[in-house]
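Coordinates in review
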Amino acid sequence: MSDLSDSPDRFGLISRALHWGMAVLFVPQFLSAAAHWALPRGDALRGTLWSYHVDLGVTLFLLVLLRGAWGLWNLGRRPEHSGVMGRVARAGHAALYALMVMVPAVKLIGSAGGMRGLSYLGISLVPARETAIAWTQAMAEWHGAIGWMLAALVLGHVVMAIGWHRFVKRDDVLSRMA
Ligand code: HEM
Ligand code: HEM
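Residues numbered from 1 in each chain as written. Chains lettered and ligands numbered in written order. Predicted model: local features only at pLDDT ≥ 70, side-chain atom pairs only at ≥ 80, totals over all residues. Heavy atoms only, no water.

**Re the site of ligand 2**
In the vicinity of ligand 2, 21 residues are found, and the nearest of them are His 19, His 81, Tyr 97, His 157 and Arg 176. In this structure, His 19 approaches ligand 2 through a side-chain N or O atom, which is 2.8 Å from a nitrogen atom. Within the side chain of His 157, a nitrogen or oxygen atom sits 2.8 Å from a nitrogen atom of ligand 2. Those elements that provide at least two residues to the shell around ligand 2 are helix H1 (13-38), helix H4 (83-112) and helix H6 (143-168). It is H6 that provides the largest number of residues to the shell around ligand 2, a total of five residues. By residue class, the composition of the shell around ligand 2 is 14 nonpolar, four polar and three charged. (Near = heavy atom within 4 Å. Polar contact = N/O pair within 3.5 Å; in protein donor to acceptor, adjacent residues only side chain to side chain. Helix = DSSP H or I, 4+ residues; strand = E, 2+ residues; numbered from the N terminus. Nonpolar A, V, L, I, M, F, W, Y, C, P; charged D, E, K, R; others polar.)

**Considering the nonpolar core**
The nonpolar side chains of a soluble globular protein tend to be buried, and buried together. With 14 residues, the main nonpolar core has Met 22, Phe 26, Met 100 and Leu 150 as its most contacted residues. Only H1, helix H3 (53-73), H4 and H6 provide two or more residues apiece to this core. Broken down by element, this core gets its largest block of residues, five residues, from H4. With sequence-adjacent residues up to four places away left out, Met 100 is seen in contact with Met 22, Phe 26, Val 64, Arg 67 and Leu 150. (Core = buried A, V, L, I, M, F, W, Y, C linked by side-chain atoms within 4.5 Å. Buried < 20%, exposed > 50% of the residue type's maximum accessible area, 1.4 Å probe, protein only. Contact = heavy atoms within 4.5 Å.)

**Topic: the pattern of salt bridges**
Scanning the model with the defined rule gives two salt bridges in all. Note that Arg 78 and Asp 6 form a salt bridge whose closest N and O atoms lie 2.8 Å from each other. Of this pair, Arg 78 sits in the loop between H3 and H4 while Asp 6 sits in the segment before H1, and the two are 72 residues apart along the sequence. Of the two residues, Arg 78 and Asp 6, both sit in the buried class. The closest approach of N and O atoms between Asp 171 and Lys 169, which form a salt bridge, is 3.8 Å. The exposure class assigned to Lys 169 is partly exposed, which follows from its relative accessible area of 47%. (Salt bridge = Lys/Arg side-chain N within 4 Å of Asp/Glu carboxyl O.)

**What about the environment of Ile 109?**
Residue placement: Ile 109 occurs in helix H4. Under the relative-accessibility criterion, Ile 109 is labelled partly exposed at 30%. C-alpha separation for the pair Ile 109 and Ala 138, spaced 29 residues apart in sequence, amounts to 10.0 Å. Sequence-distant contacts of Ile 109, that is, excluding residues within four places in its chain, are made with Trp 135, Thr 136 and Met 139.

**Observations regarding the packing of aromatic side chains**
The full count for this structure, using the stated rule, is one aromatic pair. Taking the centre distance of 5.6 Å and the plane angle of 25° together, the rings of Phe 26 and Phe 30 count as stacked. Here Phe 26 pairs with Phe 30, and both are found in helix H1, just four residues apart, close to one helical turn. The ring of Phe 167 has Arg 166 sitting right over it, with the charged end atom 5.8 Å from the ring centre. (Phe/Tyr/Trp six-rings, centres within 6.5 Å; stacked < 30°, edge-to-face > 60°. Lys NZ or Arg CZ within 6 Å of the ring centre and 35° of its normal.)

Structure follows, in structure tokens:
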């Protein structure tokens, strides 16, 4: 159990698997979003990359809920952050979590109240409605903008983890998640 759970020196196996597994899955998710934004409608590559956006997005949503629950369960024994930079790191991680939940959540709420319904891995979760619920559509409109905010925050997170901790401070922050 001790290797699976977090400890003050190191993130445990489950936290590390969730962190790196999700980090890998976010790459194709942002690639599909970038193709949706940059390529014209009807483009074959755009169609291919877009084909998995919803299924992967829902999967990431389920994984972040699991990760958040595991993180809360381990809260008292996770590696600590000290000083001003530590508080900044904690705030940055909290913002990452908030956006990882909110980005898919607003679109799921939009689908629940929308006219196209929602399927996950071919299974219909929400049937199409005859009329859309206006406030759910207004929420879903934030999806793209906050999705790009998440991408920017992830970029900052990677620069801090590798650039600052690994190459400038040369501390153990990267190794406790590695
Ligand atoms: C963490 C998961 C997700 C991320 C990071 C993400 C990211 C993004 C981004 C950045 C865009 C904007 C693309 C553009 O500018 O053209 C976008 C668009 C879109 N996403 Fe997602 N998405 C996620 C999950 C989902 C889910 C779960 C759904 C469906 C239930 C969904 C459906 C859509 C749709 C329909 C669009 C195009 C229309 C719009 O921009 O609102 N996404 N996504
Ligand atoms: C090359 C990519 C990445 C590297 C090198 C990296 C590195 C790290 C490191 C070293 C930590 C531990 C920090 C500490 O000890 O306090 C960490 C934590 C964290 N990372 Fe990343 N990360 C990467 C990608 C991502 C991505 C894509 C996300 C989310 C979209 C993410 C979200 C988080 C969060 C929320 C934490 C806080 C700890 C937790 O609850 O899991 N990381 N990352």
